[in-house]
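# Tertiary structure, described
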Amino acid sequence: MQAALRTRLLPGAPVITTTIVVVAAALLLAAGQGRVDAVSATPTTGPWRLLLMGALHGGLLTVLFWRARQVAHERTVWSRIAAGAAIIAGAVPLAVLLGLSPDTRDAAVALTLWAPVAAFPLVYGGLVRWNRFSTNLADPNDTLNGASAVLAVVALVTLVLQLDSGSALPTSPTGPLPVVAGFAVEFVILGTVATLPFLGNMGRDPRTWLVLGSFGVSFAGDTATLVSGARPGTWAWVVEPIAVACLALAAVLRPGRAEPQPADPTASTIGAFVVILASTGVLLVAALHGVGGPTTWCAALAATGSGVRLLVNVRELAVLAVTRREALTDELTGLANRRAMLRRMDELAGEGTPLALALLDLDKFKDVNDALGHAAGDHLLRMVATRLETVLRPGDLLARLGGDEFAVLAPLDSPLGDSALALGRRLHDRLAEPFPIEGMVIHSAASVGLTVSPGGEGSASPTQLLREADVAMYDAKRTASGPALYDSARHAGSSGNLALVADLRAALTGDELVLHHQPQLDVTTGRPVGVEALVRWQHPVRGLLGPGEFLPLAEVHGLMGTLTEVVLGRAVAQAAEWHRRGLDLRMSVNLSASNLLDAGLPGRVAELLAAHGLPAERLILEVTESVLLTDPDRSIAVVRRLADLGAGVSIDDFGTGYSSLAYLRDLPVAELKLDRSFTADLLTDERTEAIVSSTVELAHRLGLRVVAEGVEQPETFSYLQALGCDLSQGFLHSRPLPAEQFEEWLTRSPAVAR
Ligand code: C2E
Ligand code: CA
Ligand code: CA
């Protein structure tokens, strides 16, 4: 029992407590004598009494100030209560001095009576801080409210007293006014203290009950004095030791497990309203009965104070409404934000509703943002939001989770993957249509990942669902084949994007990225004349990853520049080595959208070529049409400077773009790479054949060579020969191979030109 008590006390508390208990006991013992003294003598005189009073207050002050230094997070509370107590205690010796002379005896009495009123703002300020912490909207320490409440109570009590006695109140400094004011102060403090155990979970903290007890006892004593018309301080001998003991005990106990609540303007608005009503009532009754003086003054001041407070609150509430709304909406698009989304998921989970969650990530957002600036990026996001809204059904929630990531939460009638996929397809198709931005046409399709929750018992948590949708979205981005639905069997092992991005950052500085080389053969001679460098990631856990599995991530997370640097470095070094060994092979390297927006790239390529001693024309840089069109001005400038170095520029995946051929006229292009899809259909589809043959013709007339990609059949190769295509690349000749294996392959193939 003792041990249990000790653990509840603050360290060092026992010494302090013992002192207080001794003092309080002495006071209680003296109570009988004191009562006699109090009735017979002037309250402020009597050295015995004053000595004990001083000891009691001195002890309490010591505890309170000691307490204020102990626990940092409650420092405001206890230091203010202590300061208030110091004012009350400090008035005692001063009153003793004044009480020595009969001339100043009244002043002495007035001093002891007004001291609690002077201490009020401090004590009130401390107490309201105990269970409420200030927010940027509302400060619980609204002394204006407290003071107005005190004035209202003073007005009310003086009114009652005057109506009762039928005469005006005497205004002497020791008269009833300071007594009433002291009573009012205690009343308001008690009201404030009474909220402590009841607000939030503060009731679990026994100290709140002790403080309530302390102020409750004081208030009861003073009410008894006032009602019985006894001399002020009559009950002090019983009341003060108990009140002091309760407060001191509260001060030495450890803080309980209770959390203060954020201050909210609503509470003080209600308080101010009550004060206005009460003081208006007092003013009306006073006017009817011709009562004036302090009553009307106090009532008028109270009403004014609360009125001001109310005006301030109206403003605060308006601001609060705005912040509440903003806390749940995305500023840019006005859609729900992540918090609102999670909240809705919780609600649906509570109802046991099956749901589908779709995550969307724009594929080209970073390019648009980089190339056209943030204003254009923001514009695109707003257009995406407006467009996605048209796809929703009533009850669906569209949210922007941040950046270019959107989410749709759709309650379902039944948790069918089919209906989820249908939603995914609607979202995907709606975004596949181009966006007009700044006079350009931007294609910014999105990758859509979906997951479903059956609702009810055992459903996944919101965070788990978001993770699943993220994994599915990443799969969609990787395979680029439309929306993907999370499948626990297939996706359980993958930890989503974020872990992989972190790994990729590390891989870029290590040697986990490797190049595979796929030969390009001269169609007429059948001899290898070049290779395409294709990047792979030897992941320590996941094994060898293809470019589709990490390039989209690198692009989205701004790692493409570094990645290309690494690839270019390796490819140029390799080509230079072959060059030294007399192997006459061009080296093709793929560039991505962000590379072409990097004005520093040509300079770095020139340095690389010089450092390795590789002739520029041995390096071919492959760019796709869509990349060129993201920001034609900037990317074309970069391409020109690359060509000026002497490096060849090749248009990759030619024929898959929606672009005009105009850039072929303006750009120093050396080569076209016919997309795999044409090669695959060449033998079976007449229209494809027509396109391929006329493309070859056009390219030759423009002085370009044509590379056919994805050549898998010998028949295709023969047909390409017949069409006059220049180079052939594909599994028919070789899969992309690591350098060593590629060199082995070379030894088996028709000799390379030396
Ligand atoms: P790409 O530039 O069109 O590269 C050709 C892709 O076709 C390679 O896939 C290659 O393995 C594959 N391929 C070659 N011959 C055949 C064939 O006969 N049949 C079929 N079905 N496929 C064939 P890979 O290596 O998976 O690369 C995919 C894409 O990743 C590349 O498409 C390229 O756009 C990108 N990529 C690869 N390495 C890099 C790089 O270092 N930087 C950049 N920016 N992109 C790269
Ligand atoms: Ca390529
Ligand atoms: Ca290609």
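An unreviewed UniProt entry lists the protein chain under the name Bifunctional diguanylate cyclase/phosphodiesterase, from Blastococcus saxobsidens.

Ranked by size, the top nonpolar core spans 78 residues in total, and within it Val589 and Ile651 carry the most contacts. For this core, the element with the highest residue contribution is helix α21 (residues 560–580), accounting for 10 residues. If sequence neighbours within four positions are ignored, Ile651 has contacts with Val623, Glu625, Leu628, Tyr663, Leu664, Val669, Glu671, Leu672 and Lys673. In this structure, Leu64, Val153, Val252 and Leu253 belong to the second largest nonpolar core, which totals 60 residues.

With that settled, consider the site of ligand 1. The environment of ligand 1 is formed by 22 residues, the closest being Gln518, Arg536, Arg676, Glu712 and Phe731. Between ligand 1 and Asp652, the relevant distance is 3.0 Å, taken from an oxygen atom to a side-chain nitrogen or oxygen of the residue. Within the side chain of Asp653, an N or O atom sits 3.4 Å from an oxygen atom of ligand 1. When ligand 1 is considered free in solution it has 800 Å² of accessible area, and contact with the protein chains removes 80% of it. For the shell around ligand 1, the secondary structure elements donating two or more residues are β11 (528–539), α20 (547–556), α21 and β15 (648–654). Element by element, the count of residues in the shell around ligand 1 is highest for β11, at 4 residues. By residue class, the composition of the shell around ligand 1 is 10 nonpolar, 5 polar and 7 charged.

Let us now look at the pairing of strand β16 (residues 671–674). Of the two faces of β16, the one lined by Glu671 and Lys673 and the one lined by Leu672 and Leu674 are each fully buried. Bridge count between β15 and β16: 3 bridges; the pairing is parallel. Note on β16: the bridge partner recorded for Phe654 is Leu674. Across 4 bridges, the pairing between β16 and strand β17 (residues 705–708) is parallel. Considered in β17, the bridge of Leu672 is made with Val706.

Here helix α14 (residues 365–372) crosses helix α15 (residues 374–389) at 145°, and the two axes come no closer than 6 Å. In this structure, α14 uses Phe365, Val368, Asn369 and Leu372 to contact α15, whose residues at the interface are His374, Ala376, Gly377, Leu380 and Leu381. Its residues assigned to classes, the contact of α14 with α15 shows 6 nonpolar, 3 polar and no charged.

Rules behind the numbers
- Residues numbered from 1 in each chain as written.
- Chains lettered and ligands numbered in written order.
- Predicted model: local features only at pLDDT ≥ 70, side-chain atom pairs only at ≥ 80, totals over all residues.
- Heavy atoms only, no water.
- Core = buried A, V, L, I, M, F, W, Y, C linked by side-chain atoms within 4.5 Å.
- Buried < 20%, exposed > 50% of the residue type's maximum accessible area, 1.4 Å probe, protein only.
- Helix = DSSP H or I, 4+ residues; strand = E, 2+ residues; numbered from the N terminus.
- Contact = heavy atoms within 4.5 Å.
- Near = heavy atom within 4 Å.
- Polar contact = N/O pair within 3.5 Å; in protein donor to acceptor, adjacent residues only side chain to side chain.
- Areas by Shrake-Rupley, 256 points an atom, 1.4 Å probe, with all protein chains shown as cover.
- Nonpolar A, V, L, I, M, F, W, Y, C, P; charged D, E, K, R; others polar.
- Pairing = 2+ DSSP bridges.
- Axes fitted to C-alpha atoms, helices over the stretch in contact; angles between N-to-C directions.

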